[in-house]
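# Reading the structure
Here is what each chain is made of, one letter per residue.
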Amino acid sequence: MGKRPADEIVNGNQAYLKRQKIKSSTNITPPDEINSARQLRKVLAFDQDAARSKHGIQTLKKFLDDFSNSEDKSLRISILREYFESQSSTNDDDKAELLLPDIMQTWSFASQSNDDSLLSAVPAVLALLLRTLSTILEFSEYGMKLGRTLLQKRQQELMARGLTANKSKEFVISPVLRLLRELSIFDGGVLAKQVFRARDQTFKGLARNLSLRYNGDGVEDHKKPSVRTNSLRLVLSSIKFLPVESKREFLNQRDIVSALTKDIRDDPPFIIRDILETLKIHVLLDTKLPRDAKVKLANASSLGRIAMLYRYDQPEDEEGTAKKPIDEVAHDFLVLACTSPDVGLMSRQSGFYPRGIDPDDVHGVDSDESFIDLGLDSIEWMDKYTEKIPVRTTILSDFIQSLRPWSSSKQSDLLLSILKSAPELFADYYLGKKDFSFDPKLTATWMGYSAFVFSSLQLPIPKYFGYQDRYARLPPPPAVVLENILPQPLSQKVLTRCLTQPHNNLITFFAIRILCVAMSKLLKALEMYQEAALGSGSSLWTQAADRLVIEFCQRCPPIKEVIIAYRRMSSTDLMQREAVTKLLVLYFEAVPRIALDAKFGVSAALADCLKAIEDSSLDPQDRTLRTMELENVFRFAQFSPGMRWFGKEEGLTISPFMAMLKLSSEVPVDLPLLKLRSVLVSVVEENQILQSQTTVSALDTFVLRLRELTANANSSVTYAFIDDCILRCAAKPVKYLFALEEICAETHKSQATESPVSLLSLAILEQWPFAVKSMQDIALEETATFVARFLAGSIKIHEDKKVIKAIVQKLIAESPEASAARSTIDQTRKLVDDIEVPDVKITLSGSPEKIEINDISESEKSKVLSNLDPGSGIEQEDPNALLKWTAKEVDEVVEGGYAKSLIMLLSSNILSIRKEAATNIAKFAAKLKDSSFDEKDQIWLLLCELIETAKQIIDQEPLPTAISAFASNALSVLNDPLHCMYPKINKFLTSSPTWPLDKIPLIFKVLDDSPSLDDAHYLEMGWLLSYMLFGLRTKADLAIYRKRHVFEKLFSIYNSTYLAPGLREKILKIMFRAISIEGGSTTLITRFSAMTWLQAQVALGGGMPLKVLMETMLESCDQQRVKNWSKGASLQAIKVDTLSF
């Protein structure tokens, strides 16, 4: 190019200005309006001109967009149908059908020419096309063909290029992700497995794409999703629609599963809800998905990331819609994942017994009396577990350490739910929190942590300490039990410091409440130790209880610190005073050995409480707290050996015992002070004030009479009179016993009669003349009313009627003539019918250790039978399978269960069905051989050997179900090369062209030989037991199982200590299936001694399923034959003897 001439330069500065590059302007052609299929073919025809290609793609996009905008779609549907009918060719590489070859060629051209805009437009319009086809039922066939076209090698490579584009080219990555998602969800996910099978291309770079989140301002728009959101939708669609085995393999993709939750805290609300809802329904609640697959997703790190959503603060994208907040959605998901035993995350629990010990193994403890009895010291693991406790649920153990229950109420609720569902984690959690200081500091963190500790200590101790359905033979380690009652962060030093905070009552109150809960929990634990000791007859439980108390005393603060805290409290701190008096009582009940270390003047405290409760200015709430405090002081006084129950303190009008009676009479009837009543009963029985021989309590009757006293000035005179009578009765009971004997001698003419009469009645009779002289008429009349009703109630509760009448006559004689008091007492006998008395005392006869279970309840039996239903897993024959498979592709026949149904028809009882099934299997094998199916060779060999085996027998009788069950289950294995049984089945197929009809394939190879893969022995055993359950249907099948000694093998496997979870249940299902066959129960009893084995298992604590199995077996067997075989043994006696365990 020549230089510009000088005459064009106006000034010298222009000489230094560079000429601007002139851009050629291109006119953007608007999309055409499609009116015919021919026009659509012409527009979409391949053209190397990128502009025309883009125009064609945009035209197709507009045509598809109008499907959702226009009401009349018939014309567009006919255009699209005609277009599809003309768009079909053959791929020269693999001879597969190629749909839409022009569009596919355009896509390939865009890749070769590095045209990013066209490389983005083609997968975008294909995704839209698939979405449109999925809404029109008649186009489902074209959708399937398009899906198979997209999954061909060339298209997979194009998608892989889009997925691995530069991070900045989101416009290229996102359309491919949308296309893959539409492929995965098309027609209910029929292509999801094929998409996953091609994961080397279709999921290429997916882990990286999951990290490309939205970087703009504000909240991400769900209509313009980021690369991460599109990637998440693809992953979630795969999880939804993949079959179980493929889903299991998908969850093993560690990089993808980890990236799924890595940035979840930064995701928009709508995608978070989709993630958690999908994982909840299609992973956690998927009962077919094994536990090992679920834990790949629900591991400690993933749960920790989801827990970060408790602090999620992004605004909702749609205002005004009522949706559950994200923190609540996350909370519900975590509670389900961490607490439900059905989702598979939680392992089998054994409570306070750590992993790795057998609490029923008493070998070496008391087996030989010639050795010195070392007690608990003879158990090597009893003193361990002070620093670290091995647990079974290791995932939750790691997860809960990351929670912050002091900062969030929902996290606190979650952690409490986990600790309640998995008691083994309680001690493990607190041992991991040694670095968290509980030193008293009135901060928000300390208060939140204290509230959580208090709530956690309120969790109940699991039944039988968490061991199965009974107490174990050995007690749990005392260190573990102590950690569940008073954890290590609550050391003696820390708790003492909390109690000695003179200017911080809140810290003291927290410490007192925590100690109260711990003491109550200790009492419950000691009660359980006592029950276990009575049931086992072993001294080990008693020794363990003593050791637990000793270690608890070393951790709790001295009682003198509690007493000092009580004395320091103000009289207005009613809640704290009630709590600390309750704690003092618990010290005497739970740890009496340290309760007497300090002296406490209970009489003075009791006097102060009695004076305070008489204050008439107290509001109802304060009076309730005062009443509870007084009740606690009364209970505390019961433990004081120097307590004077009947002595009046200075400033009080009645004695402490009378004050207890008055307090009991003033509380509401529906809220009785039961613990105070126990103190009253103790004092009354010790001092013989009221009789205890009648079925109705004399004490309750007396309290009922006190309720009837009106609260006026004269009632205090009556209380004083009753108090004086009680004092005299308690001081000299012998005196009134002699008086009772005299009255009995007068009324019954014999001194040998033992009459149920309260000595208080004799004391009232003695003091009545003095009351007549000292009381005014009104007070005397009210006192006489009380005495009359008390004596009438005594008659009604069946005290000695003649003696009471004699006492009434003597009282009348001592009363002034013509006085109201005399008249009132004279009405005593008339009051008997109308007087109200308490209900009959409820006494419990027998003790827990004498109760024997002699039968199984119907509810328990039905529950076990529903779980181990002998009919579960038996599929009905489907003769329609003979026709259904002909209209399906090869992969659909194999993966859709049609081939499995055909195989099972070989065991049909109908000859024609068996022959038709054999013919159809042979036809399918030939079709399979000519197909491009990945695993066609192994499956073809399986079907051919099955046909050759079946030809030997199906003309005479059905093929043994064990053979057909093996073949149908092996079909699924051969379709999955990563299956643990894949090597063994391939080796079996190459060993012989036919299979023995009287053997169970691979049973001994699985049970006796080493596994093909490391740590896969129990997986192989689970597969074997599943197909053996499936293959046991008829008497002929049972005969094969008997001949091959299957049940002997199963009995041996069941006794294995390290058997994987779920296998014992499968063994029991096989046994239930066997006894449901005619003659099965008799065969098990007479050929395999099943009853002896069951008795031994039940005695070892096998649980309810074994008992139900034994009972069902006894009911369904041939009674006479079994009796003859057992030489006359009583079957009912065997049943009762076994069920008594």
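Residues numbered from 1 in each chain as written. Predicted model: local features only at pLDDT ≥ 70, side-chain atom pairs only at ≥ 80, totals over all residues. Heavy atoms only, no water.

- Looking at an unreviewed UniProt entry, one finds the protein chain named Ribosome biogenesis protein Urb1, with Hyaloscypha variabilis as its source organism.

### Some words on the overall build of the protein chain
- Within the protein chain, the regular secondary structure consists of 59 helices and 2 strands.
- Out of the 1141 residues belonging to the protein chain, those deemed buried represent 51%.
- Accessible area of the protein chain: about 54900 Å², with a carbon and sulfur share of 50%. (Helix = DSSP H or I, 4+ residues; strand = E, 2+ residues; numbered from the N terminus. Buried < 20%, exposed > 50% of the residue type's maximum accessible area, 1.4 Å probe, protein only. Areas by Shrake-Rupley, 256 points an atom, 1.4 Å probe, with all protein chains shown as cover.)

### Section: the packing of helix H34 (residues 698–707) against helix H38 (residues 777–796)
- Where H34 contacts H38, the axes come no closer than 10 Å and their chain directions differ by 150 degrees. By the angle between their axes, H34 is roughly antiparallel relative to H38. In the packing of H34 onto H38, the handedness of the crossing is right-handed. Where H34 abuts H38, its residues Thr-701, Phe-702, Arg-705 and Leu-706 lie against Phe-786, Arg-789, Phe-790 and Gly-793.
- Its residues assigned to classes, the contact of H34 with H38 shows 4 nonpolar, 2 polar and 2 charged. (Axes fitted to C-alpha atoms, helices over the stretch in contact; angles between N-to-C directions. Parallel < 35°, antiparallel > 145°, perpendicular 65-115°, else oblique. Left-handed = near helix turned anticlockwise from the far one by under 90°. Contact = heavy atoms within 4.5 Å. Nonpolar A, V, L, I, M, F, W, Y, C, P; charged D, E, K, R; others polar.)

### Overview of a positive patch on the surface
- Positive charge collects at one region of the surface, where Lys-801, Lys-805, Arg-829 and Lys-830 lie side by side.
- For the positive patch, the secondary-structure elements that each account for two or more residues are helix H39 (801–814) and helix H41 (828–831).
- Examined against the element boundaries, Lys-801 turns out to sit in helix H39. (Patch = residues over 30% accessible without salt bridge, like charges linked within 9 Å, V, L, I, M, F, W, Y side chains within 5 Å. Salt bridge = Lys/Arg side-chain N within 4 Å of Asp/Glu carboxyl O. Lys, Arg positive; Asp, Glu negative; His and termini not counted. Charge placed at Lys NZ, Arg CZ, Asp CG, Glu CD.)

### Side note on unusual backbone geometry
- Residues other than glycine seldom take positive phi values, yet Leu-100 does so here, at roughly 55 degrees.
- Residue Leu-100 is classed as buried on the basis of its relative accessible area, which comes to 0%.
- In this model, Asp-187 sits at a positive phi of 50 degrees, which is unusual for a non-glycine residue.
- Positionally, Asp-187 belongs in the loop between helix H8 (170–185) and helix H9 (192–197).
- Note on Asp-187: relative accessible area 47%, which makes it partly exposed.

### A word on the nonpolar core
- Ranked by size, the top nonpolar core spans 281 residues in total, and within it Phe-399, Phe-657 and Trp-768 carry the most contacts.
- A total of 18 residues in this core trace back to one element, the largest contributor, which is helix H25 (residues 505–536).
- If near-sequence neighbours (up to four positions away) are discounted, Trp-768 is found in contact with Phe-721, Leu-780, Thr-783, Ala-784, Val-787, Leu-811, Glu-814, Ser-815, Ala-821 and Ile-825. (Core = buried A, V, L, I, M, F, W, Y, C linked by side-chain atoms within 4.5 Å.)

### Thoughts on the packing of helix H51 (residues 1017–1030) against helix H54 (residues 1063–1076)
- Put simply, H51 and H54 touch, their axes get as near as 10 Å, and they point 20 degrees apart. Taken together, the axes of H51 and H54 are roughly parallel relative to one another. For the pair H51 and H54, the crossing hand works out as left-handed. Counting all contacts with H51, which are made through Tyr-1018, Met-1021, Gly-1022, Leu-1025, Ser-1026, Met-1028 and Leu-1029, the residues of H54 involved are Leu-1063, Lys-1066, Ile-1067, Lys-1069, Ile-1070 and Arg-1073.
- Considered class by class, the residues forming the contact of H51 with H54 number 8 nonpolar, 2 polar and 3 charged.

### Re the environment of Arg-547
- Of note, Arg-547 is situated in helix H26 (residues 540–555).
- In this structure, the C-alpha to C-alpha distance between Arg-547 and Ala-479, residues 68 residues apart in sequence, is 9.3 Å.

### Description of helix H30 (residues 602–613)
- End to end, H30 covers 16 Å across 12 residues, agreeing with the expected 16 Å (1.5 Å per residue, within 8%).
- Buried residues of H30: Val-602, Ala-605, Leu-606, Ala-607, Cys-609, Leu-610, Ala-612 and Ile-613, and no others.
- At its buried positions, H30 is contacted by helix H27 (559–568), helix H31 (620–638) and helix H32 (656–666). (Expected span 1.5 Å × (residues − 1).)

### Points about the state of the cysteines
- Counting across every chain of the model gives 0 disulfides.
- In this model Cys-553 remains outside any disulfide bridge; the closest cysteine sulfur is found in Cys-556, 5.3 Å from its own.
- On the basis of relative accessibility, which here comes to 12%, the residue Cys-553 falls in the buried class.
- Classification of Cys-556 by relative accessible area gives buried; the value is 0%. (Disulfide = S-S within 2.5 Å.)

### Concerning the packing of aromatic side chains
- Under the defined criterion, the tally for this structure stands at 39 aromatic pairs.
- An angle of 65 degrees between the planes, with centres 5.8 Å apart, marks the rings of Tyr-353 and Tyr-467 as edge-to-face. In this pair, Tyr-353 is assigned in the loop between helix H18 (326–339) and helix H19 (394–400) and Tyr-467 in the loop between helix H22 (444–457) and helix H23 (478–485), connecting sequence segments 114 residues apart. When sorted by exposure, Tyr-353 lands in the same class as Tyr-467, which is buried.
- Between Phe-702 and Phe-786, the ring centres sit 5.8 Å apart and the planes meet at 80 degrees, which makes this aromatic pair edge-to-face. Pair noted here: Phe-702 is in helix H34 and Phe-786 is in helix H38, with a separation of 84 residues, a long-range link. Of the two residues, Phe-702 and Phe-786, neither departs from the other in class, the shared state being buried.
- Among the aromatic residues, ring-to-ring pairing joins Phe-352, Tyr-464, Phe-465, Tyr-471, Tyr-529 and Trp-541 into one connected group.
- Over the aromatic face of Tyr-1054 sits the side chain of Arg-1064, whose NZ or CZ is 5.5 Å from the ring centroid. (Phe/Tyr/Trp six-rings, centres within 6.5 Å; stacked < 30°, edge-to-face > 60°. Lys NZ or Arg CZ within 6 Å of the ring centre and 35° of its normal.)

### Looking at the pattern of salt bridges
- On inspection of all chains with the given rule, the structure shows 48 salt bridges.
- A salt bridge links Asp-934 to Arg-197, with the shortest nitrogen-to-oxygen separation between them at 3.9 Å. In this pair, Asp-934 is assigned in the loop between helix H46 (911–929) and helix H47 (936–950) and Arg-197 in helix H9, connecting sequence segments 737 residues apart.
- The partly exposed category is assigned to Arg-197, whose relative accessible area is 32%.
- With a closest N to O distance of 3.8 Å, Asp-1009 and Lys-1005 form a salt bridge.
- Lys-1005 sits in the partly exposed class, given a relative accessible area of 46%.
- Residues joined by salt bridges that share partners form a network here, namely Glu-33, Lys-62, Asp-66 and Arg-76.

### Focus on the environment of Ala-337
- Within the secondary structure layout, Ala-337 lies in helix H18.
- Overall, the relative accessible area of 0% leaves Ala-337 in the buried class.
- Residues Ala-337 and Leu-303 lie 34 residues apart in sequence; the distance between their C-alpha atoms is 8.8 Å.
- When near neighbours in sequence (up to four residues on either side) are disregarded, Ala-337 contacts Leu-284, Leu-303, Val-343 and Leu-345.

### Some details on H46
- With 19 residues, H46 extends 27 Å from end C-alpha to end C-alpha; this agrees with the ideal 27 Å at 1.5 Å per step.
- Those residues of H46 that sit buried are Ile-913, Arg-914, Ala-917, Ala-918, Asn-920, Ile-921, Phe-924, Ala-925 and Leu-928.
- Where H46 is buried, its residues meet helix H43 (881–884), helix H44 (890–895), helix H45 (898–904) and H47.

### Here's the deal with the side chain of Ser-665
- One can find Ser-665 in helix H32.
- A distance of 2.7 Å separates a polar atom in the side chain of Ser-665 from the backbone oxygen of Lys-662.
- Beyond its immediate stretch of four places on either side in the chain, Ser-665 contacts Val-703, Leu-706, Arg-707 and Tyr-719. (Polar contact = N/O pair within 3.5 Å; in protein donor to acceptor, adjacent residues only side chain to side chain.)

### Considerations on the confidence of the model for the protein chain
- In this model, the protein chain carries a mean pLDDT of 83, and residues with pLDDT of at least 70 account for 89%.
- A low-confidence stretch, residues 842–854 (pLDDT under 50), is modelled with 5 contacts involving residues beyond four sequence positions or located in other chains.
- This stretch, residues 1136–1141, has a pLDDT under 50; its non-local contacts, to residues over four places away or in other chains, come to 15 contacts. (pLDDT = per-residue confidence, 0-100.)

### Some details on the environment of Asp-286
- Residue placement: Asp-286 occurs in the loop between helix H15 (269–284) and helix H16 (291–297).
- On a C-alpha basis, the gap between Asp-286 and Val-343 in space is 7.6 Å, while along the polypeptide they are 57 residues apart.
- Among all residues touching Asp-286, those that are not within four sequence positions of it are Val-244, Lys-247, Ile-281 and Lys-294.
- A polar atom in the side chain of Asp-286 sits 3.0 Å from the side chain of Lys-247.

### Quick look at a nonpolar patch on the surface
- On the surface, Leu-442, Met-447 and Leu-506 cluster together into a nonpolar patch covering about 220 Å² of accessible area.
- Turning to its location among the elements, Leu-506 is positioned in helix H25.
- Under the relative-accessibility criterion, Leu-506 is labelled partly exposed at 34%.

### Section: the side chain of Ser-397
- Locating Ser-397 in the fold gives a position in helix H19.
- Residue class for Ser-397 comes out buried when judged on its relative accessible area of 6%.
- A distance of 2.5 Å separates a polar atom in the side chain of Ser-397 from a polar atom in the side chain of Asp-428.

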